[in-house]
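Okay, here's what each chain looks like letter by letter:
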Amino acid sequence: MGSSSPLVKPASASGQSTSSSTNSPQNRSWWARSWPLALSVALGAAGVTLTWLKPETHSLDYAVCSANRTIYTVDSDLPNVQCIFVHDTLISDTGDLEDITLRWRDRWWSEIPLASVIHLPWPFNFLEPSPRVINIPPNSIVVPGLTDAHAHVLHYGFKMNLNLEDCTSVDDVLSHLKAYVIAHPDILGDPTRWIEGMGWDQNKWRGAQYPHANDFDREPLLRGRRISLTRIDAHACWVSNRVLQLMAPLPKEDIDGGLIIRDEHGKPTGIFVDNAMDLIPSQPFSETRAMEYFTRATSDALAVGLTSVHDAFSVPEEIHFYKKLSETQQLPLRLYLMGSVNSDDYWGGQIPRLIQHGFGGRLTVRSVKLFVDGALGSFGAALLEPYSDNPSTSGIMRLRPEALAKLVKEFSTDGWQINIHCIGDRANHVVLDIYDDMLANASFSIDALRPRIEHAQILTLDDIKRIGKIPVIPSVQPTHATSDMWYAEDRLGPKRIKGAYAYRALLNASPTRVLPLGSDFPVEGINPLLGFYAAVSRLSVTGDSPHGPGGWYPSERLTRAEALKGMTLDAAYASFSEDILGSLSIGKKADFVVLDRDIMTVPIEDILSAKVTATVIDGEVVYGNL
């Protein structure tokens, strides 16, 4: 048999046409040597250069895929997907890999000049591009970047400098301080240097009594030194006798909104609560020290999957520090700052209004923080009735209701989101009364300002219902429940405890089903999985509670889906960023976290064993590896 076709070779010696054996090793070898030349000639004749087949716009595109579809998007329309596709800083597609690849190729070809007149038949069609695909391990999952909706960034770095959280007695504190001084020669050799730390909690000590300034003098190395130690909740401070001397003369009466603890003779003991802490001398703000604290906090945050933090107390000097930093370099994570100034007069003009500011647009300042009361652990939470275990007090109102109402109206009129610290049922009741009045009389939309109650820790059952009728967002910290559960009922009694740490009730009352979750770090641990675990289990990290292994008031547990939404999409809504953050949805920022196990399905006791293997912000890995 013969043919005039140049594509058909003469018959082989066996009589078989080589056209029937094009896959032989010899022919494959010939084709491997010849196709590049043939392709170059063909494309050259069409006036096409090979470099045009490599659009630079897609050089950073990649897909992250899970064979088990354990990518949790927190998008109700598509809650689990096989893949997310990252283009530059955004999620550009989600779904199955096959569908994503086809859509990506269409977009790829659309950017190549003359692509419509180029047809690559077999075998040239193998040149059709495929996106880079990163497959996570079978047991791993992907979740949106996690947000801490209430934290204190620089305070975290400050606490880590001298952390007293694990101290179980006054003597234990003194031992820590002695070791700290010995380890710092600059302090050891200069008794005028300040020793500052944070984390002590008298409720963990035998007798649960406040310490005394005289306690420091029991250790010769500490005697005569300037020592100031902040309580774990940052609502009380314990100072040395040397500091008391520097503060003299102290007011004979208590400070409005604060308390100076005195002995039976009226002499200050060295404990100052809430507004009285303002009397204590402090070191001036230092950008060098702030950078040290910031670096420690953000490094630890990224390592546990935090991509955004709502800083719940940013004074003007700190805001200026963040602003300056964001304008000279990209912040390592997103910051939503709540400006704060200790004044009963309107101070909105003292802080800048910044929306997605600086390199990468990672800094926002559009909210303010006001304080109404103190904390339950230091008897500063403002209650409607006296404390059950200390009937001599009903707590502290740090702002008079009329002054608070004036500030709320002024900040609202000026367009600020207002986030108010409320722990006790009286504090929460006063704030809800103010918003009730504004709803009836305000000329602007309160809902558009998305006001928040930070902590919303203890409310009457009626006020829990009322918070759902007023467009106020309760911002809660689940680890506060599991930290306080060992003494909270003694402090509040069996009736009030029903409205305390009531996260299920607050979520059910919310018309928008929004309940942002935070940690209040450094008051609690920085790892968001601690909050996730506490929200869904109501147990301590060792798996127990005052009510046993079933959890403390387990009816107030959240589901795992609700808890994940609380630290992603709900937190984004509470910071006006739900259009760009909070879920792995098309068009949103490529902020996501890879965990080495499925926290949505593993046994409760295994949740805290999960480790972050990658934290990604704007499509770039900032911790770990993909």
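Here the structure is a predicted model, which means the values were calculated and not measured. (Residues numbered from 1 in each chain as written. Predicted model: local features only at pLDDT ≥ 70, side-chain atom pairs only at ≥ 80, totals over all residues. Heavy atoms only, no water.)

Sorry if this is basic, but what is going on with the nonpolar core here?
Among soluble globular proteins, nonpolar side chains are generally buried collectively. If you look at the biggest cluster of nonpolar residues, it comprises 109 residues, and the most contacted ones within it are Leu335, Leu376, Leu404, Ile420 and Tyr435. With seven residues, helix α10 (residues 425-441) is the single largest residue contributor to this core. Grouped together as the second largest cluster of nonpolar side chains are 23 residues, Leu162, Cys167, Leu177 and Val273 included. (Core = buried A, V, L, I, M, F, W, Y, C linked by side-chain atoms within 4.5 Å. Buried < 20%, exposed > 50% of the residue type's maximum accessible area, 1.4 Å probe, protein only. Helix = DSSP H or I, 4+ residues; strand = E, 2+ residues; numbered from the N terminus.)

In this structure, what is going on with the sheet that holds strand β13 (residues 268-274)? I would like to understand it.
By definition, the strands of a sheet pair up through backbone hydrogen bonds, in either a parallel or an antiparallel sense. Pairing is mixed in the open sheet, where five strands are placed in the order β9-β10-β11-β13-β12. The open sheet is flanked by β9 (194-200) and β12 (258-262), the only strands paired with a single partner. On average, each strand axis in the sheet is inclined to that of its neighbour by 20°, with strand direction left out of account. Where helix α3 (residues 153-161) meets the sheet, it contacts β9 and β10 (226-231), and its direction lies at approximately 105° from that of β9. (Pairing = 2+ DSSP bridges. Axes fitted to C-alpha atoms, helices over the stretch in contact; angles between N-to-C directions. Contact = heavy atoms within 4.5 Å.)

Any chance you could explain unusual backbone geometry here in plain terms?
Backbone geometry follows two general trends: most residues other than glycine have a negative phi, and most peptide bonds adopt the trans configuration. Of note, the bond from Ala248 into Pro249 is cis; its omega dihedral lies within 30 degrees of zero at -5°. Here the residue pair Phe521 and Pro522 is connected by a cis peptide bond, since its omega of 15° sits within 30 degrees of zero. Relative to the helices and strands, Pro522 is located in the loop between α15 (503-509) and α16 (528-537). Unlike most non-glycine residues, Val74 shows phi in positive territory, near 55°. In this structure, Val74 sits in the loop between β2 (71-72) and β3 (80-81). You will see that Arg450, though not glycine, has its phi angle at about 50°, which is positive. Following the sequence through the fold, Arg450 ends up in the loop between α11 (446-449) and β19 (452-455).

I would appreciate a short explanation of the environment of Arg560 in the present structure.
Structurally, the position occupied by Arg560 is in helix α17 (residues 560-566). Polar side-chain contacts of Arg560 include one of 2.7 Å to the backbone oxygen of Val602. (Polar contact = N/O pair within 3.5 Å; in protein donor to acceptor, adjacent residues only side chain to side chain.)

I'm lost on the state of the cysteines in this one. Help?
Here a disulfide denotes a covalent bond joining the sulfur atom of one cysteine to the sulfur atom of another. Using the criterion set out here, one finds one disulfide in the structure. Shown here is the disulfide that connects Cys65 with Cys83, its sulfur atoms set 2.1 Å apart. Because the sign of the S-S torsion sets the handedness, a value of about 110° for the bond joining Cys65 and Cys83 places this disulfide among the right-handed ones. Pair noted here: Cys65 is in strand β1 (residues 62-65) and Cys83 is in strand β4 (residues 83-87), with a separation of 18 residues, a long-range link. Comparing Cys65 with Cys83 shows no difference in burial state: the two are buried. (Disulfide = S-S within 2.5 Å.)

Would you mind showing me how to read the pattern of salt bridges here?
Opposite charge on two side chains makes pairing possible when the charged atoms of those side chains draw close. Scanning all chains against the criterion turns up 31 salt bridges. Here Glu578 makes a salt bridge to Arg450, at a shortest N to O gap of 2.9 Å. Note that Glu578 is positioned in the loop between α18 (569-573) and β21 (592-595) and Arg450 in the loop between α11 and β19, a separation of 128 residues in sequence. Between Asp570 and Lys565 there is a salt bridge; the shortest N-O distance is 2.6 Å. Judged by its relative accessible area of 24%, Lys565 is partly exposed. In the salt-bridge network here, residues are joined through shared partners; they are Arg334, Arg362, Lys589, Asp591 and Asp618. (Salt bridge = Lys/Arg side-chain N within 4 Å of Asp/Glu carboxyl O.)

Whenever I open this one, helix α7 (residues 287-303) confuses me. Can you help?
Each turn of an α-helix holds 3.6 residues, which means side chains three or four residues apart point in the same direction. In this model, α7 (17 residues) spans 24 Å end to end at C-alpha, consistent with the 24 Å of a helix rising 1.5 Å per residue. When α7 is considered as a whole, its buried residues turn out to be Ala290, Tyr293, Phe294, Ala297, Thr298, Ala301 and Leu302. Buried residues of α7 fall within an arc of 150° about the axis and therefore sit on the same side. Of the residues that open α7, the one with a side-chain oxygen 3.3 Å from the backbone nitrogen of Thr288 is Ser286. Downstream of α7 by a residue or two, Gly305 has a phi angle that is positive, lying close to 90°. (Expected span 1.5 Å × (residues − 1). Arc of directions from axis to C-beta.)

Just checking my understanding: could you explain the sheet that holds β1 for this structure?
Read from one edge to the other, the open sheet built from four strands follows the order β5-β4-β1-β6, with strand pairing classed as mixed. The strands lining the two open edges of the sheet, one partner per strand, are β5 (90-95) and β6 (132-135). The sheet shows a mean angle of 25° between the axes of neighbouring strands, direction not considered. Here helix α2 (residues 97-110) sits on the sheet and contacts β1, β4, β5 and β6; the angle it forms with β5, its principal contact strand, is near 130°.

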